[in-house]
Amino acid sequence: MRLFLTALIFLVGLFDLFMAGSFLLTPQTTASGAVFGLAPIGVAGLSTIRGDMTSFFGVGAVCMMWGAWRRNADLLLVPAMLFGTTLAGRAVNLAVIGAYPGWAAPMAVEAGHVVLALVAWRLLPHHRLAEIAA
């Protein structure tokens, strides 16, 4: 089970790393797709999409892949918090603004990241939260 979970975390991390690279190299194409629906306003907007989205997916990917490779589940708390915060923001938007076409797909991906990271954190070697926070 641990080997399968570790491999799955690594594969999801590779997907996120691919997303980070796509935002870095082709931000307009990646951001404007049906999934993200972003359109930069000028050079500053393009820079923001390139920087913020690359860092979001890149940090999540590196922490997932490094945590899986080193069997250090503490690193999996970082993507769990990143994707969990994004999921919470989308849930607030859904409650305040309402649904839009395709709203469930990105939320399912983010929820999957959170569940995967937290399950792996419980099953793989890790520190207690009190030790990390102290």
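A quick note: this is a predicted structure, and the numbers were derived from the prediction, not measured.

Q: Any chance you could explain the layout of surface pockets here in plain terms?
A: Remark: the empty space left among the atoms is shown by a probe the size of a water molecule rolled over them. Looking at the largest pocket, its volume works out to about 330 Å³. Val-35, Phe-36, Phe-57, Arg-90 and Glu-110 are the residues nearest the centre of the largest pocket, which is lined by 15 residues in total. Contributing elements (two or more residues each) for the lining of the largest pocket: helix H1 (2–25), helix H3 (42–70), helix H4 (77–96) and helix H5 (104–123). Counting residues per element, the lining of the largest pocket draws most heavily on H5, at four residues.

Q: Hey, could you run me through the nonpolar core in this one?
A: Considering soluble globular proteins, one finds that nonpolar side chains tend to be buried as a cluster. Membership of the largest hydrophobic core comes to 14 residues, with the highest contact counts inside it found for Ile-9, Met-64, Leu-76, Leu-116, Ala-120 and Leu-124. Elements that contribute at least two residues to this core include exactly H1, H3, H4 and H5. Considering every element that reaches this core, the biggest residue donor is H5, with four residues. Sequence-distant contacts of Ile-9, defined by excluding residues within four places in its chain, comprise Met-64, Ala-68, Leu-76, Leu-116, Ala-120 and Leu-124. Counting ten residues, the second largest nonpolar core, distinct from the first, contains Ala-20, Phe-23, Phe-57 and Val-114.

Q: Mind showing me how you'd approach the pattern of salt bridges here?
A: Oppositely charged side chains can form a pair if their charged atoms are brought close together. By the definition in use, this model includes one salt bridge. Between Glu-110 and Arg-90 there is a salt bridge, and its shortest N-O distance comes to 2.8 Å. With a gap of 20 residues between them, Glu-110 in helix H5 and Arg-90 in helix H4 connect regions that are remote in the sequence. For Arg-90, a relative accessible area of 23% translates into the label partly exposed.

Q: Explain unusual backbone geometry to me, please; I cannot follow it from the model alone.
A: Most peptide bonds take the trans form, and the phi angle of most residues other than glycine is negative. With a phi close to 55°, Arg-71 is a non-glycine residue in the positive phi region. Here Arg-71 is to be found in the loop between H3 and H4.

Q: Help me understand a nonpolar patch on the surface, please; the structure alone is not making it clear to me.
A: A contiguous nonpolar patch, built from Met-1, Phe-4, Leu-8, Val-115, Val-119 and Leu-123 and spanning about 580 Å² of accessible area, is present on the exposed surface. Listing elements by their share of the nonpolar patch, those giving two or more residues are H1 and H5. For the nonpolar patch, the leading source of residues is H5, giving three residues. Considering the arrangement of structural elements, one finds Met-1 in the segment before H1. Judged by relative accessible area, which is 68%, Met-1 ranks as exposed.

Rules and cut-offs
Residues numbered from 1 in each chain as written. Predicted model: local features only at pLDDT ≥ 70, side-chain atom pairs only at ≥ 80, totals over all residues. Heavy atoms only, no water. 1 Å grid on protein atoms, 1.4 Å probe; cavity = no way out; pocket = protein on both sides within 12 Å on 5 of 7 lines; lining within 4 Å. Points joined across faces, edges and corners; volume = space filled by probe spheres on them. Helix = DSSP H or I, 4+ residues; strand = E, 2+ residues; numbered from the N terminus. Core = buried A, V, L, I, M, F, W, Y, C linked by side-chain atoms within 4.5 Å. Buried < 20%, exposed > 50% of the residue type's maximum accessible area, 1.4 Å probe, protein only. Contact = heavy atoms within 4.5 Å. Salt bridge = Lys/Arg side-chain N within 4 Å of Asp/Glu carboxyl O. Patch = residues over 30% accessible without salt bridge, like charges linked within 9 Å, V, L, I, M, F, W, Y side chains within 5 Å. Areas by Shrake-Rupley, 256 points an atom, 1.4 Å probe, with all protein chains shown as cover.

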